[in-house]
Amino acid sequence: MYVIFGANGRAGGETARALLERSEPVRVVVRHREQGERWKALGVEVALASLDDAAQVSDVLTGATAAFLLEPPPVANDPFEQATAISTALSEAVRRSDLSRAVVLSAVGAQHASGTGVIATLHQLEASLAGTAPATAFLRSGYFIETWSEVAECAVADGILPSFLDLDQKIPMVSTTDVGQAAARLMTEQWTGTRIVELGGITDWSARDVAAAFAEVLNRPVKPMWVPPEQRSAMLAEEGLPEEVVTVLLGMYEGITNGRFTREDGSEHWRGSTSLTTAVEHIVTKLRTAV
């Protein structure tokens with residue numbers, strides 16, 4: 001049995017689907033029963049647990065062949081306090097349940113304890129979970145291409161792609177489809193010890209490359225627009241994010257600009273197979289379907 005946390009999110013959902021494609025038995029873990037209904041319809045086992053409750057997490061991990069663990073993106077309160085609570089609960093639960101193999105979602109740049117904003121919470125997560133299972137893999141993902149869905153409407157409606165990233169700075173980006181495939185591969189492989197797997201796309205891309213992909217999909221010009229740092233806080237606040245969350249998100253973009261979103265020497269460097277255009281096409285299709 002393969003246990004998946006975060007199945008209703010991007011990476012967790014793609015991991016569950018990748019395992020189902022391999023005809024593997026899957027148990028998804030959700031916080032509220034209604035969140036599991038669509039998975040039940042696919043024949044997936046659904047379990048209930050809160051990520052910050054070690055006893056509940058231990059119960060759903062018991063008997064698992066492998067588990068996909070993560071820390072949800074912060075949406076309220078102090079992100080570092082949330083990270084501490086979840087990291088502590090997960091590490092305790094992994095030990096209690098005698099989980100043999102864990103694949104932990106992390107991010108490129110998580111080798112740094114500071115200077116990376118929200119990514120530093122994943123440094124904390126890695127430190128807590130290191131060595132808790134006989135086989136532990138930290139899957140450090142590049143910047144999710146699907147994150148651009150948050151500004152895709154601007155590209156579709158106005159031909160403008162707002163970006164907090166420097167327009168020509170190429171960084172590791174990857175589709176969550178490839179994240180799911182990589183996680184499923186790691187979960188079903190036989191190995192022991194600790195691995196750091198850093199996952200990017202076919203090549204590294206820039207915001208200007210993303211705008212070009214939107215232009216190709218939409219068949220009309222799309223211009224990337226760099227958003228100056230002094231305008232970013234207000235934009236994120238308009239989305240309802242509290243100040244503490246805004247601070248760590250902006251810290252991440254500052255870290256990327258400062259060159260801290262880079263692969264670590266000595267880690268495994270993997271590449272996905274989903275093209276930037278294909279991933280953007282999925283974003284646009286989903287946006288149009290939702291209208």
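Residues numbered from 1 in each chain as written. Predicted model: local features only at pLDDT ≥ 70, side-chain atom pairs only at ≥ 80, totals over all residues. Heavy atoms only, no water.

**With respect to the overall build of the protein chain**
Here's step 1: Of regular secondary structure, the protein chain possesses eleven helices and twelve strands.
Here's step 2: Relative to the compact-globule value of 19 Å for 291 residues, the protein chain shows a C-alpha radius of gyration of 19 Å, a close match.
Here's step 3: C-alpha extents for the protein chain along the principal axes are approximately 55 × 40 × 35 Å.
Here's step 4: If you take every contact in the protein chain between residues at least 6 apart in sequence, the share linking residues at least 24 apart comes to 76%.
Here's step 5: Approximately 12,900 Å² of the protein chain is accessible, and the part contributed by carbon and sulfur atoms is 50%. (Helix = DSSP H or I, 4+ residues; strand = E, 2+ residues; numbered from the N terminus. Rg over C-alpha atoms; globule rule 2.2 N^0.38 Å. Contact = heavy atoms within 4.5 Å. Areas by Shrake-Rupley, 256 points an atom, 1.4 Å probe, with all protein chains shown as cover.)

**Observations regarding the pattern of salt bridges**
Here's step 1: This structure, assessed with the given rule, holds 13 salt bridges.
Here's step 2: Its salt-bridge partner being Glu126, residue Arg140 comes within 2.9 Å of it at the nearest N-O pair. Here the residue Arg140 occupies a position in strand β6 (residues 135–141), and Glu126 occupies one in helix α5 (residues 120–129), the gap between them amounting to 14 residues. Of the two residues, Arg140 and Glu126, neither departs from the other in class, the shared state being buried.
Here's step 3: Asp204 is the partner of Arg263 in a salt bridge, and the nearest nitrogen-oxygen pair spans 2.9 Å. Of this pair, Arg263 sits in the loop between α10 (243–257) and β12 (268–271) while Asp204 sits in the loop between β10 (193–200) and α8 (207–218), and the two are 59 residues apart along the sequence. (Salt bridge = Lys/Arg side-chain N within 4 Å of Asp/Glu carboxyl O. Buried < 20%, exposed > 50% of the residue type's maximum accessible area, 1.4 Å probe, protein only.)

**Section: helix α1 (residues 10–21)**
Here's step 1: With twelve residues, α1 extends 17 Å between its outermost C-alpha atoms, agreeing within 8% with the 16 Å of an ideal straight helix rising 1.5 Å per residue.
Here's step 2: Among the residues of α1, Ala11, Gly12, Gly13, Glu14, Thr15, Ala16, Ala18 and Leu19 are the ones counted as buried.
Here's step 3: Residue Ser23 follows α1 closely and has a positive phi angle near 60°. (Expected span 1.5 Å × (residues − 1).)

**Side note on the layout of surface pockets**
Here's step 1: Reported here for the second largest pocket is a volume of approximately 400 Å³.
Here's step 2: When contributions to the lining of the second largest pocket are tallied by element, the ones reaching two or more residues are α1, α7 (176–188) and α11 (276–290).
Here's step 3: Along the lines of polarity and charge, the residues of the lining of the second largest pocket split into three nonpolar, six polar and six charged. (1 Å grid on protein atoms, 1.4 Å probe; cavity = no way out; pocket = protein on both sides within 12 Å on 5 of 7 lines; lining within 4 Å. Points joined across faces, edges and corners; volume = space filled by probe spheres on them. Nonpolar A, V, L, I, M, F, W, Y, C, P; charged D, E, K, R; others polar.)

**Here's the deal with the pairing of strand β1 (residues 2–5)**
Here's step 1: Burial along β1 is two-sided: the face carrying Tyr2 and Ile4 and the face carrying Val3 and Phe5 are both buried.
Here's step 2: In this sheet, strand β2 (residues 26–30) lies alongside β1 in parallel orientation, the contact comprising four bridges. Considered in β2, the bridge of Val3 is made with Arg27.
Here's step 3: Crossover β1 to β2 through α1 is right-handed. (Pairing = 2+ DSSP bridges. Right-handed = clockwise from strand over helix to strand, strands pointing away.)

**Focus: the nonpolar core**
Here's step 1: Judged by nonpolar contacts, the single largest core of 95 residues is most densely connected at Leu61, Leu69, Tyr143, Trp148 and Phe214.
Here's step 2: Excluding residues within four positions of it along the chain, Phe214 makes contact with Trp148, Ala152, Ala155, Leu161, Val222, Val280, Ile283 and Val284. (Core = buried A, V, L, I, M, F, W, Y, C linked by side-chain atoms within 4.5 Å.)

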